[in-house]
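# Reading the structure
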Amino acid sequence: MTKTAVLFDLDGVIINTEEQYTEFWTVIGKTYLPENPDFPSQIKGHTLTQILSAYFADEAIARQVVEQLNDFETRMSYPYVDGAIDFVSELRKAGIPMAIVTSSNKAKMECLYQQHPEFSQLFDRIFTAENARRSKPAPDCYLDAAQALGLTAKDCFVFEDSISGLTAGRDSGATVIGLTTTIPAARIASLCQCVINDFTEITVAQMCELKNKKKCQDI
C-alpha cells in the first residue's frame, strides 16, 4: 500500500463534545447576544477565532467569553465518538501513522488528558491551535501536519466534522471523510469524499479504497 497517514480533527471526530458545546454557547448567546436567538446554530462548526471575530468585537467581552470557555472545558466530559478507539487501534495494527490536528489549545488538551491519560499515546503527533500558522478553513494545519509525518497532504486522509475543517482538508488536497456529529450529511457531502455517522461505519480497508473512489457509495 502506498505510504499514507490519517489526520483527525478532535471535537466531533474523536471526542463527542457537540451537545456540551451547544449548551455552553446557548448560555453565552443569551448572556451577550439576546437579540440573536439563533446564535448557537449559526456558529456550529466554527472555530473560536471565527466566533470571536464575527460576534464579539468588544475585546473586554471577548476576553470574558474566552475565560468562561476555558473554565467550562475544565468541567466537561470527553467521551469518545462511537468506534473511534477501535478504528485507531486498527490503524495502528496496519502501521498507518496518525495525528490529531485540532483548533483546541494546549490548556483544553490538558483537561482531556486528565480524563484520558492514554490519549497522547494513541497518536504519533498532536497539533493544537498553538501550532497553526492560520486557523481553519485555511489548509495550513493539514499541510504542516502531513509534512511533519514525512508526507504531503495529498497522501493523507482527513477526518472532519465542521465546515471550516472540511474546507481545510479539501483545500489541502487530502482525501476527506466527514462525520455528521455536528452538521447534517446533506450540508457536508459536497466537501468530502465520504460521509459517516461514526467510526462503526467504516474500516481501514474501506478508507483506503477511497483513494480510488469518488464517493462512499462507490465502496
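Quick look at the structure, then. (Residues numbered from 1 in each chain as written. Predicted model: local features only at pLDDT ≥ 70, side-chain atom pairs only at ≥ 80, totals over all residues. Heavy atoms only, no water.)

## Description of the overall build of the protein chain
Test applied: The way it works is that DSSP assigns letters per residue, a run of H or I at least four long becomes a helix, a run of E at least two long becomes a strand, and they are numbered from the N terminus. Only C-alpha atoms enter the radius of gyration, while the globule expectation follows 2.2 Å times N to the 0.38, with N the number of residues. Per-residue accessibility, obtained with a 1.4 Å probe over protein chains only, is compared with the maximum for each type, and a residue is labelled buried under 20%, exposed over 50%, and partly exposed between these values. Should any heavy atoms of two residues lie within 4.5 Å, those residues are counted as being in contact. Surface accessibility in these figures is a Shrake-Rupley result with a 1.4 Å probe; residues are shielded only by whichever protein chains are displayed. Think of it this way: Lys and Arg go in the positive column, Asp and Glu in the negative one, and His and the chain ends go nowhere. One atom stands in for each charge, and that atom is NZ of Lys, CZ of Arg, CG of Asp or CD of Glu.
A tally of helices and strands in the protein chain yields 11 helices and six strands. For 219 residues, the compact-globule estimate of 2.2 N^0.38 gives 17 Å, and the protein chain sits close to it at 17 Å. Once the C-alpha set of the protein chain is aligned to its principal axes, its extents read approximately 50 × 35 × 30 Å. Counting every position in the protein chain, which comprises 219 residues, the buried fraction comes to 48%. Considering only contacts in the protein chain between residues 6 or more positions apart, those separated by 24 or more positions represent 65%. Roughly 10500 Å² of accessible area belongs to the protein chain as shown, and the carbon and sulfur atoms make up 49% of that amount. In the protein chain, which carries 20 positive and 29 negative side-chain charges, the distance between the mean positions of the two groups comes to 7 Å.

## Notes on the side chain of Glu18
Position of Glu18 relative to the elements: it lies in helix H1 (residues 18-32). A residue is classified by how much of its surface remains accessible, and Glu18, at 16% relative accessible area, is buried.

## Some points on the pattern of salt bridges
If the charged atoms of two oppositely charged side chains come close together, the side chains can form a pair. We apply this condition: Only one rule defines a salt bridge in this text: a Lys or Arg side-chain nitrogen within 4 Å of an Asp or Glu carboxyl oxygen.
This model, assessed by the stated rule, comprises 10 salt bridges. A salt bridge links Asp71 to Arg75, with the shortest nitrogen-to-oxygen separation between them at 2.9 Å. Of this pair, Asp71 and Arg75 both sit in helix H4 (residues 59-75), four residues apart, which is roughly one turn of that helix. Residue Asp71 is classed as partly exposed on the basis of its relative accessible area of 42%. Sharing partners across several salt bridges, the network here consists of Arg133, Arg134, Asp140 and Asp144.

## Concerning the side chain of Lys108
Put simply, the rule reads: Here a polar contact means two N or O atoms within 3.5 Å. Within protein one must be a hydrogen donor candidate and the other an acceptor candidate, and residues neighboring in sequence count only if both atoms are side-chain atoms.
Within the secondary structure layout, Lys108 lies in helix H6 (residues 106-115). A polar contact of 2.8 Å, which involves the side chain of Lys108, links it to the side chain of Asp11. With sequence-adjacent residues up to four places away left out, Lys108 is seen in contact with Leu10, Asp11, Tyr21, Glu73 and Tyr78.

## A closer look at the nonpolar core
We count it as follows: Nonpolar cores were defined as sets of buried Ala, Val, Leu, Ile, Met, Phe, Trp, Tyr and Cys residues, with membership established by side-chain atoms within 4.5 Å.
In terms of nonpolar packing, the biggest core is built from 48 residues, with Phe8, Ile14, Trp25, Phe159, Phe199 and Met207 touching the most fellow members. Residues contacting Trp25, with those up to four places away along its chain left out, are Phe39, Pro40, Ile43, Leu48, Ile51, Val65 and Leu69. Judged by nonpolar contacts, the second largest core, of 22 residues, contains Ala5, Phe127, Cys141 and Ala174.

## Here we look at the pairing of strand E4 (residues 157-160)
Using the following cut-off: Any two strands are treated as partners once DSSP identifies two or more bridges connecting them. Handedness of a crossover is defined as follows: orient the strands so they point away from the viewer, and if the path from the first strand over the helix to the second runs clockwise, the crossover is right-handed.
Burial along E4 is two-sided: Phe157 and Phe159 and Val158 and Glu160, pointing in opposite directions, are all buried. Bridging between E4 and strand E5 (residues 175-179) involves four bridges; their strand directions are parallel. The residue bridging Glu160 from the neighbouring strand is Gly178, located in E5. The β-α-β motif built from E4, the intervening helix H9 (residues 163-172) and the parallel element E5 has right-handed crossover chirality.

Remember, this is a structural readout, not a statement about activity or role.
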